Amino acid sequence: MNHSASQQLFQEAKTLMPGGVNSPVRAFSAVGTDPVFIREGNGPLITDVDNNTYLDYVLSWGPMILGHADPDVVAALQNVIGKGTSFGAPTEAENQLASLMIEAVPSLEKVRMVNSGTEAVMSALRLARGYTNRSKIVKFNGNYHGHSDALLVKAGSGLLTHGIPGSPGVPEGVVQYTLTARFNDEAMIRDIFETHGNDIAAVIVEPVAGNMGVVPMTQSFAHLLRSLTSQAGSLLVFDEVMTGFRLAFQGAQSLYGITPDLSCYSKIIGGGLPVGAFGGRKDIMDHMAPEGPVYQAGTLSGNPLAMTAGHATLKKLQEHPGYYDQLNRQGSRLAQGLRDLIKKHRTPAQVNQKGSMLCLFFTEFTESEVTDFESAAACDTQRFARFFRGMLSRGIYLPASQFEAWFLSVLHTDSQIHQTLEAVDATLSEIN
Ligand SMILES: Cc1ncc(COP(=O)(O)O)c(C=O)c1O
Ligand SMILES: N[C@H](C=O)CCC(=O)O
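Definitions and cut-offs
Within every chain, residues take consecutive numbers counted from 1 along the sequence as written. In the order they appear in the text, chains get letters beginning with A and ligands get numbers beginning with 1. Residues qualify for local features only when their pLDDT is at least 70, as the model is predicted, and side-chain atom pairs are given and counted only at 80 or more; totals for whole chains, interfaces and linings, by contrast, use all residues. In computing side-chain properties, one takes all heavy atoms of the structure into account and sets aside hydrogens as well as water. Two rings from Phe, Tyr or Trp (for Trp, the six-membered ring) form a pair when their centres sit within 6.5 Å of each other. Planes less than 30 degrees apart are called stacked, planes more than 60 degrees apart edge-to-face, and all others tilted. Counting from the N terminus, the helices are the DSSP runs of H or I reaching at least four residues and the strands are the DSSP runs of E reaching at least two. Burial status follows relative accessibility: with a 1.4 Å probe on protein chains alone, a residue under 20% of its type maximum counts as buried, one over 50% as exposed, and anything between as partly exposed. The set of buried Ala, Val, Leu, Ile, Met, Phe, Trp, Tyr and Cys residues whose side-chain atoms join them within 4.5 Å is what this entry labels a nonpolar core. Residue contacts follow a heavy-atom distance rule, with two residues in contact if any of their heavy atoms lie within 4.5 Å. Should DSSP find at least two bridges between two strands, the strands are taken to pair.

Draft legend 1. Geometry of the packing of aromatic side chains. Under the definition given, this model contains 15 aromatic pairs. Pairing Phe-387 with Trp-406 gives two aromatic rings, centres 6.4 Å apart and planes at 15 degrees, and the pair type is stacked. With Phe-387 in helix H14 (residues 381–393) and Trp-406 in strand S16 (residues 406–407), the pair connects residues that are 19 residues apart, well separated along the chain. Across this residue pair, the class does not change: Phe-387 and Trp-406 are buried. Grouped by ring-pair contacts, the aromatic residues Phe-28, Tyr-54, Tyr-57, Phe-362, Phe-384, Phe-387, Phe-388, Tyr-397 and Trp-406 constitute a single cluster.

Okay, structure coming up:
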């Protein structure tokens, strides 16, 4: 594959932006190659500036569940873009997206729109602290909730990819109220609540963690979190930035049978435009300004284009409930195919999959499952890097990190899954 135009753009980008990118994982530095510059996307395919086409399992890190340039989303955007792109004033489009989310997810009684997942989580936790009058929050090792100061502790995603345990620039005082616990470790979270229960404003969790690879929370851990928080008067906050409208129309919370107090969204609810939202119980949400005293604001919040793209996306998902069965089927088919191939090649690896989120962990500990940050972090990232490069050269675009989720769209076909597995077969024989 020729990558000369991408390489040229990357050289230029490095003189313009730190590392040549606007978000670290995109730089491909963890996989020992340069990034490809994407020119356009169509359905499950993306094409780079050198005219190479790839089957996309990144999907903009999750939002493009309908594939790229979905005709209904594009038409909805074309319909509004000529009428003004931002007003900083209420619009009907905000009501439309908010009411669709509230209709879909029983735990949402009111929502507030923001501009990113980071903002959604940061604001939800401020609200939790304001509502409970408590300071401490609990997060789990390897969960990633965006880059706000208090949450850059033992986080997944780019921090795990680049081996950054916290971040310079975050004063100690800011993280002194962030308690960290092992994901899926029931004894540890019980201990934390025994010691700090009365001071804990909220527990925040990715129900299916997708930022240390894919690691689902166990059912019993989910129920334990619900009961510990309820007993202690703390709030349970589900970070559904990745899982919301992806694992089910009602989100991961419906799969676990849990009603969180607050939930955070981004990605799919913006249909590929910058967006975020948080919501939950009305009595809690009404603590937000101007109804209540907890302050949060945004010049572009509820942006008409983002609301329109998000609404068109959710509407289409709502009108096609069969999409979720299809996504689950394709996810399972790909996961099973990967399992068969790692067995065939005797590759030390594990496959974790939940619906249309999955990943292949190159772990030496094949006999034990990857259930938390500690087992995920023990993976062979060099082998992953070789695997990634082999797949890219065969036209399969995977996340450029061992610790990110692969996503499927509703347009990934049987024959594309087959093509992916053929590429895996060839790549594993090359790198083993
Ligand atoms: C679970 C989760 N929470 C929060 C975020 C932060 O979202 P954003 O990148 O839109 O700020 C992300 C992704 O980055 C995420 O995957
Ligand atoms: N894991 C992150 C979000 O889900 C990846 C996006 C990024 O950091 O650029």
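Draft legend 2. Quick peek at the nonpolar core. Judged by nonpolar contacts, the single largest core of 112 residues is most densely connected at Met-101, Phe-140, Phe-245, Leu-317, Phe-387 and Trp-406. Sequence-distant contacts of Trp-406, that is, excluding residues within four places in its chain, are made with Tyr-57, Leu-334, Leu-338, Ser-356, Met-357, Leu-358, Cys-359, Leu-360, Phe-387, Leu-398 and Pro-399. Core analysis: the next-biggest nonpolar cluster, separate from the first, contains 21 residues, Val-114, Leu-262, Ile-284 and Met-288 among them.

Draft legend 3. Seen up close, the pairing of strand S3 (residues 53–56). The pairing of strand S2 (residues 45–48) with S3 spans three bridges and is antiparallel. Opposite Thr-47, over in S3, you have Thr-53 as the bridge partner. Counting the residues that bridge the hairpin from S2 to S3 gives four residues, and of these Asn-51 lies at a positive phi of roughly 75 degrees. Sheet analysis places S3 next to strand S15 (residues 396–397), joined by two bridges and oriented parallel. Bridging from a neighbouring strand, Leu-55 pairs with Ile-396 of S15.

Draft legend 4. Spotlight on unusual backbone geometry. Note that the residue after Ala-289, namely Pro-290, is joined by a cis bond; omega there is 10 degrees. Mapping Pro-290 onto the fold places it in the loop between helix H10 (282–285) and helix H11 (304–319). You will see that Phe-28, though not glycine, has its phi angle at about 65 degrees, which is positive. Within the fold, Phe-28 resides in the loop between helix H1 (4–16) and strand S1 (38–42). We classify Phe-28 as buried; its relative accessible area is 3%. Of note, the phi angle at Ala-69 is positive, near 50 degrees, even though the residue is not glycine.

By themselves, these observations are geometric and do not establish any function.
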